[in-house]
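This is what each chain is made of:
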Amino acid sequence: MADTTSTTKTFTAVAEFTDGDNRSISIDNPRDGITWENVETLNQYAANVLIGDKQGARFSRFSSAKITNRYTLTIDPANL
């Protein structure tokens, strides 16, 4: 077995609800070029879809969003 490298990119947005609760929504391997304007547009769509899970509260807004790149190197012990 040879050493292997893998890359995962994740988009994570934090949704806030009117009862003060929040939830993180993550999407692996999102498209390139996502901007804050895209997230603001998503706010409009999410308002009609997302509800809180504790008290059924209405979606308020996405308070933050980030893209994380994760690199994983798996080393073959036979190559050490």
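Please refer to the structure placed before this passage.
All values reported here derive from a predicted model rather than from experimental measurement.

Conventions adopted
- Residues numbered from 1 in each chain as written.
- Predicted model: local features only at pLDDT ≥ 70, side-chain atom pairs only at ≥ 80, totals over all residues.
- Heavy atoms only, no water.
- Core = buried A, V, L, I, M, F, W, Y, C linked by side-chain atoms within 4.5 Å.
- Buried < 20%, exposed > 50% of the residue type's maximum accessible area, 1.4 Å probe, protein only.
- Helix = DSSP H or I, 4+ residues; strand = E, 2+ residues; numbered from the N terminus.
- Contact = heavy atoms within 4.5 Å.
- Phe/Tyr/Trp six-rings, centres within 6.5 Å; stacked < 30°, edge-to-face > 60°.

Student: Just checking my understanding: could you explain the nonpolar core for this structure?
Tutor: General note: in soluble globular proteins, nonpolar side chains tend to be found buried as a group. Core analysis: the largest hydrophobic core is formed by 9 residues, namely Phe-11, Ala-13, Ala-15, Phe-17, Val-39, Ala-46, Ala-57, Phe-59 and Phe-62. Looking at this core, the elements that each hand over two or more residues are strand S1 (4-17), helix H1 (36-46) and strand S3 (59-74). Examining the composition of this core, we find that 4 residues originate from one element, S1, more than from any other. When near neighbours in sequence (up to four residues on either side) are disregarded, Ala-46 contacts Phe-59 and Phe-62.

Student: What is the right way to look at the packing of aromatic side chains in this model?
Tutor: Between two aromatic rings, the relevant description is the distance of the centres plus the angle of the planes. Going through the model one piece at a time under the given rule, you end up with 2 aromatic pairs. Each ring, one from Phe-17 and one from Phe-59, has its centre 6.1 Å from the other, and the planes form 80°; the classification is edge-to-face. With Phe-17 in strand S1 and Phe-59 in strand S3, this residue pair connects regions lying 42 residues apart in the sequence. Each member of the pair, Phe-17 as well as Phe-59, carries the same accessibility label: buried. Site record: aromatic cluster; members linked through ring pairs are Phe-17, Phe-59 and Phe-62.

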